[in-house]
Amino acid sequence: MAGNDWINSYLEAILDVGPNLDDVKSSLLLRERGRFSPTRYFVEEVITGFDETDLHRSWVKAQATRSPQERNTRLENMCWRIWNLARQKKQLEGELAQRKAKRRLERERGRREATADMSEDLSEGEKGDIISDVSAHGESNRGRLPRINSVDAMETWASQQKGKKLYIVLISLHGLIRGENMELGRDSDTGGQVKYVVELARALGSMPGVYRVDLLTRQVASPDVDWSYGEPTEMLTTRNSEDCMDEMGESSGAYIIRIPFGPRDKYIPKELLWPHIPEFVDGALTHIIQMSSVLGEQINSGKPVWPVAIHGHYADAGDSAALLSGALNVPMLFTGHSLGRDKLEQLLKQGRLSRDEINTTYKIMRRIEAEELSLDASEIVVTSTRQEIDEQWRLYDGFDPVLERKLRARIRRNVSCYGRFMPRMVIIPPGMEFHHIVPQDGDMDGETEGNEEHPSSPDPPIWSEIMRFFTNPRKPMILALARPDPKKNITTLVKAFGECRPLRELANLTLIMGNRDGIDEMSGTNASVLLSVLKLIDKYDLYGQVAYPKRHKQFEVPDIYRLAAKTKGVFINPAFIEPFGLTLIEAAAHGLPIVATKNGGPVDIHRVLDNGLLVDPHDQQSIADALLKLVADKHLWARCRQNGLKNIHLFSWPEHCKTYLSRIASCKPRHPQWQRSDDGGETSESESPSDSLRDIQDISLNLKFSLDGDRSGNDNSLDSEGNADRKSKLENAVLSWSRGVLIDQRKAGSGDRADHSSSTGKFPALRRRKHIFVIAVDCDTNEDLLDAIRKIFEAAEKERTEGSIGFILSTFMTISEIQSFLISGGLNANDFDAFICNSGSELFYSTINPEDGPFVIDFYYHSHIEYRWGGEGLRKTLVRWAGSITDKKAGNEEQIVTSSEQLSTNYCYAFEVKNAGMVPPVKELRKVLRIQALRCNVIYCQNGTRINVIPVLASRSQALRYLYVRWGVDLSKMVVFVGDSGDTDYEGLLGGLHKSVILKGICSSGSNQLHANRNYPLSDVMPDDSPNIFLTSLDCTSSDSRDSLESLLKI
């Protein structure tokens, strides 16, 4: 074994190699140096991109082993591990290539089909600008919005906003959020996003035209965190409160609103929040409705002031914002901050975890689905840089830059997009506070002179901490501020500085690499980078020329920038890829020219500020040349400094908010439709012809559904003139009744209980109930469903007879199927207060007088859920997809999925499945539709034998929230009955403020198979520890159910 000492040098080559050298340049550089090393080349070609933290630790332990035989054995074993990594990397590269090829083919197929459906392609003159025609600040190059370039311009814009009183809701769920003394860096969830959303809320709250901003987050009342995170409300003080005092009102300003959800006494990481999202949505919905009513009383003559937009930050908040947007029918915005698909790709490249292990650790597939839903629901997606659009968002099924350009061109020409929608990507860089920054005007040779009003202050302590490293502290300082992460490319910067003698003679180098106590206590990756830096300092003999202090405080960072500016230095960010580059803006605000990577956000920043040079981070010589040019050329340095100071206000919070509000103003206003009359005016009591259902029957327009298969308004062909006129009268009658019901509800007041005899017919019966039982059991057969209903009725017989408990039937069936089911089971329509049909795409109420008609439809519910409904364009795509699913084993290739006109309606396209086992899983159909920019909710029903496709923000769970928004039915007073499993929308019925009762034994292997092919495991979203979920015993009787309900509801 003694002959194996070569292994030690081989492993040293592994640990010494510079990270992320590109493939071509690595081999060339080694040959040019005249010392080509096969082992070094192998490491650069094979190992780069993997995390070798454990390899480094193993090598250190092996080196410390005294026995030469044992040491060489360990080192040889490490070589085998490296060989295995080589195989693994080759396999991962092959899988990555396959994924990219598959994604490319799917995208091209989707574009072809979408273009074919839209009947024409775009000519060269119609193609427009790439990716939504946005500039660095999110403004269109066509019809550019005027930018604020001066105080006068800001005052002019502000005067135009006076009179507006906007209500904006921001959502950021994870981490610890408070207005002052933020604990940034406490954990991975409390980072830059926390600071961003707080400052955004604060800045928006002080903008002209904005009356109130609510930042919704999680309430944490845990002994592990400060008590302030358990406070329900915290007002954010504005930086310039005197400027907006004239618009202040009783409830105006910016607030942090903490909604309780999840474990009450635990602070949990974001990966564990997913099961509790529905509970947050219900709590946030309650707050928004109450606040809208309060604001209406204060500033809108008693009419609710709905949010002008709901803005979700990160995937969990995006998922919540989508559900709230659908429940309230208001526009949604989304900011990803960091994206799941990009993280998944990076983790797979590292090869340390399998896809299943990644999902178990990070719940990455649930996160990705939330981001896809956010794309489906958002009107605007706010990004920081173009790189985020080009390199990250294009990984998603729901966003295709090429198809987006086609759709945008058609919209500009007022040509139909055939039901296809794409969110608008808007680049709005994060804002900054500059009012406290005073650029450094002095230098090391001539100190700024103090006067009586502003005496010169002593130097900050951090200055001496840095300057003690230098032999000549008066030389210009090259400043790098980054943690010791391989991606930050600090080692290449040190090499560039060390190998350029003119640069070393002219300047010093300062490396602010976070805080540390000892290298041995650092993480393996960070320690490896720091050790490499120290070795390079020794190699190039840079003692007295490089500073690398061990500690600094957050409030000292501005002083570090000032010191660099005082020495007429340069700030550099040499990262391989920089998503945004906030430090570049901070440096510019302090008067520092910049040298930055050309990959990512710095390109957009440089385009606006024009205060430095961009470099290839892999090109060591390019970095040295750029630094030398700025340090040596004083005129260039002064010009870059001046440009930065002149343009830095474009990254201020007022500029950010001005662009932000302008984008919100471009969204089509949406809010609950029953708040206005058909002509757009506000509804008054006199406009309602009656408060009862009788008016509908009086004009002979009652809704009767026979058993002959007729359906209401499901014919997509043009109606005859007579039918159209009848439909119009019918809708007007029902809408008039709906408005009357709402007005009567306002009269009664939310807290009053009207007398049963006098209030019958004034509003749906469910409004009077003490509790609502929602039967959402997805059974194999109608007999099983009927048996479950009877057991629930028997368990609550007393309250059912008294009228204190009402019932809602929530199912995939149509209203005609429900009527047939009720008749065959000996039930009456009046046994239920409401019927949620077609998987949540239609809502019916039972009428007061059964002889006049069993059901009445809520047409306002249609207007509430129709957002981005694809209509005929979606139906054609679905029919084409169904035609492609055939049984190729059969001789005639029998079609497995067929469209069902009888089961379809205007807002539900239904398909029947002959062989559920041969149909692609629901996630594949969703993917196909998203790639073609068709936004909808796909649900596999009845053990996969039926497919319902409904509007994207419609569902059975959302229908319950609609009942709360429209009629004030308290969600916490609802009890939802489900089986062990169910349709693919099963997860939405669990969680939330309502109680859930899982009836054991009511499920099927078919339903379980539906959930086995999900994007993510059902266990990732099941709130197992929720006190609102109750499981019955397997052989539960009516008596057992009664006992359970008494315990659950405390009847």
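Sequence order as written defines the numbering, with residues in each chain counted from 1. Two thresholds apply to this predicted model, a pLDDT of at least 70 for residue-level local features and 80 or more for giving and counting side-chain atom pairs, whereas whole-chain, interface and lining totals are computed over all residues. Calculated side-chain values reflect all of the structure's heavy atoms, with hydrogen atoms and water omitted.

### Some words on the overall build of the protein chain
Under the convention used in this document: The secondary structure listing takes helices from DSSP runs of H or I that are at least 4 residues long and strands from runs of E that are at least 2 residues long, numbered from the N terminus. Note on classification: 1.4 Å probe, protein chains only; a residue is buried when its accessible area is under 20% of the maximum for its type, exposed when over 50%, partly exposed between these limits. A contact between two residues is defined here by any heavy atoms of the two lying within 4.5 Å. Residue burial considers only the protein chains on display, and all accessible areas are found by Shrake-Rupley using a 1.4 Å probe.
Along the backbone of the protein chain there are 36 helices and 28 strands. Among the 1051 residues that make up the protein chain, the fraction classed as buried is 58%. Restricting the contact set of the protein chain to residue pairs at least 6 apart, pairs at least 24 apart contribute 73%. With an accessible surface of roughly 44,300 Å², the protein chain has 49% of that area assigned to carbon and sulfur atoms.

### Digging into the sheet that holds strand β19 (residues 855-857)
Keep this limit in mind: For two strands to count as paired, DSSP must find a minimum of two bridges between them. Lines are fitted to the C-alpha atoms to define the axes, a helix being fitted only along its stretch in contact, and any angle between axes, read from their N-to-C directions, falls within 0 to 180 degrees.
Across the sheet, which stays open at both edges, the eight strands sit in the order β19-β18-β17-β16-β15-β26-β27-β28 with mixed pairing between neighbours. Each edge of the open sheet carries a strand with a single partner, namely β19 and β28 (1029-1031). Across the sheet, the mean angle from the axis of one strand to that of its neighbour is 25°, orientation sign disregarded. The strands touched by helix α30 (residues 815-824) within the sheet are β16 (805-810), β17 (834-837), β18 (842-846) and β19, with β17 carrying the most contacts at an inclination of about 125°.

### What about the confidence of the model for the protein chain?
Basically, it comes down to this: Looking at any residue, its pLDDT shows the predictor's confidence there, from 0 to 100.
Scored by pLDDT, the protein chain comes out at a mean of 80, with 76% of its residues at no less than 70. Averaged pLDDT values over the elements of the protein chain bottom out at 35 in helix α25 (residues 694-698) and peak at 97 in strand β5 (residues 309-313). Segment residues 38-51 is flagged for pLDDT under 50; beyond a separation of four residues in sequence, or across chains, it makes 41 contacts in the model.

### Let's talk about the packing of helix α16 (residues 490-499) against helix α18 (residues 524-539)
How we decide: In these notes the angle categories are as follows: under 35 degrees is roughly parallel, over 145 is roughly antiparallel, 65 to 115 is roughly perpendicular, and the rest is oblique. Residue polarity is assigned by list, with Asp, Glu, Lys and Arg as charged and Ala, Val, Leu, Ile, Met, Phe, Trp, Tyr, Cys and Pro as nonpolar; anything else, Gly included, falls into the polar class.
At a minimum axis separation of 9 Å, α16 and α18 run at an interaxial angle of 5°. Regarding the angle of α16 to α18, the classification is roughly parallel. The segment α16 lies against α18, with Ile 490, Thr 491, Val 494 and Lys 495 engaging Val 529, Ser 532, Val 533 and Leu 536. Split by residue class, the contact of α16 with α18 holds five nonpolar, two polar and one charged.

### Overview of the sheet that holds strand β3 (residues 233-236)
The strand order β3-β4-β2-β1-β5-β6-β7-β8 describes an open sheet built from eight strands, whose pairing is mixed. Looking at strand neighbours, the two that pair on one side only are β3 and β8 (424-427), the edges of this open sheet. Here the strands of the sheet are splayed against their neighbours by 25° on average, with no regard to which way each runs. Relative to β8, strand β7 (residues 380-383) is paired through four bridges, and the arrangement is parallel. Counted as the bridge partner of Ile 380 is Arg 424 from β8. Against the sheet, helix α24 (residues 653-666) touches β1 (166-171), β2 (210-218), β5, β6 (332-335), β7 and β8, its axis set at about 105° to β1.

### What about helix α10 (residues 340-350)?
Three- or four-residue spacings in an α-helix give side chains the same orientation, since the helix completes a turn every 3.6 residues. Keep this limit in mind: In this description, the arc belongs to the directions extending from the helix axis to the C-beta atoms.
Where α10 is concerned, the buried positions are Gly 340, Arg 341, Leu 344, Glu 345, Leu 347 and Leu 348. End-on view of α10: buried residues confined to an arc of 165°, all on one side of the axis. Just downstream of α10 lies Gly 351, where phi reads positive at about 75°.

### Describing the pattern of salt bridges
Condition: Throughout this description, the term salt bridge denotes a Lys or Arg side-chain nitrogen within 4 Å of a carboxyl oxygen of Asp or Glu.
Counting across every chain of the model gives 40 salt bridges. Between Arg 935 and Asp 376 there is a salt bridge; the shortest N-O distance is 2.9 Å. With Arg 935 in the loop between α33 (922-931) and β24 (936-941) and Asp 376 in helix α12 (residues 364-377), this residue pair connects regions lying 559 residues apart in the sequence. Relative accessible area serves as the criterion here: at 1%, Arg 935 is assigned to the buried category. By sharing partners, the salt bridges in this structure join Glu 369, Asp 376, Arg 930 and Arg 935 into a single network.

### Brief notes about the pairing of β1
The condition is simple: Crossovers are marked right-handed if the path from the first strand over the helix to the second runs clockwise, as seen with the strands pointing away from the viewer.
Across the six residues that make up β1, a large majority, five, are buried. Here β1 pairs with β2 via six bridges, running parallel. Among the inter-strand pairings, Leu 166 is bridged to a residue of β2, identified as Val 210. Regarding topology, helix α7 (residues 192-205) serves as the crossover connection from β1 to the parallel β2, and that connection is right-handed. Two strands pair when backbone bridges link them, and β1 and β5 are joined in this way by four bridges, in the parallel orientation. Along β5, the bridge assignment pairs Leu 170 with His 311.

### A word on the packing of aromatic side chains
Each aromatic ring pair is summarised here by two numbers: the centre-to-centre distance and the angle between the ring planes. The test is simple: The aromatic pairing rule takes the rings of Phe, Tyr and Trp, using the six-membered ring of Trp, and pairs them if the centres are within 6.5 Å, calling planes under 30 degrees apart stacked, those over 60 edge-to-face and the rest tilted.
Summed over the entire model, instances satisfying the criterion amount to 17 aromatic pairs. Between the aromatic rings of Tyr 196 and Trp 653, the centroid separation amounts to 5.8 Å while the plane-to-plane angle is 45°, which identifies the pairing as tilted. With Tyr 196 in helix α7 and Trp 653 in helix α24, this pair connects stretches of sequence that are 457 residues apart. For the pair formed by Tyr 196 and Trp 653, the shared burial category is buried. Ring centres of Phe 844 and Phe 855 lie 6.5 Å apart, and the angle between their planes is 75°; this geometry places the pair in the edge-to-face category. Of the two residues, Phe 844 is situated in strand β18 and Phe 855 in strand β19; the sequence distance between them amounts to eleven residues. A residue is classified by how much of its surface remains accessible, and Phe 844, at 0% relative accessible area, is buried. These aromatic residues form a ring-pair network of at least three members: Phe 773, Phe 793, Phe 807, Phe 832, Phe 835, Phe 844, Phe 855 and Phe 977.

### Details of the nonpolar core
Note the following rule: Side-chain atoms within 4.5 Å link the members of a nonpolar core, which is a set of buried Ala, Val, Leu, Ile, Met, Phe, Trp, Tyr and Cys residues.
Grouped together as the largest cluster of nonpolar side chains are 142 residues, with contacts concentrated most on Ile 171, Phe 280, Ile 775, Phe 835 and Leu 963. The residues contacting Phe 280, other than those within four sequence positions of it, are Ile 171, Leu 173, Leu 216, Thr 217, Ile 259, Phe 261, Ser 320 and Leu 324.

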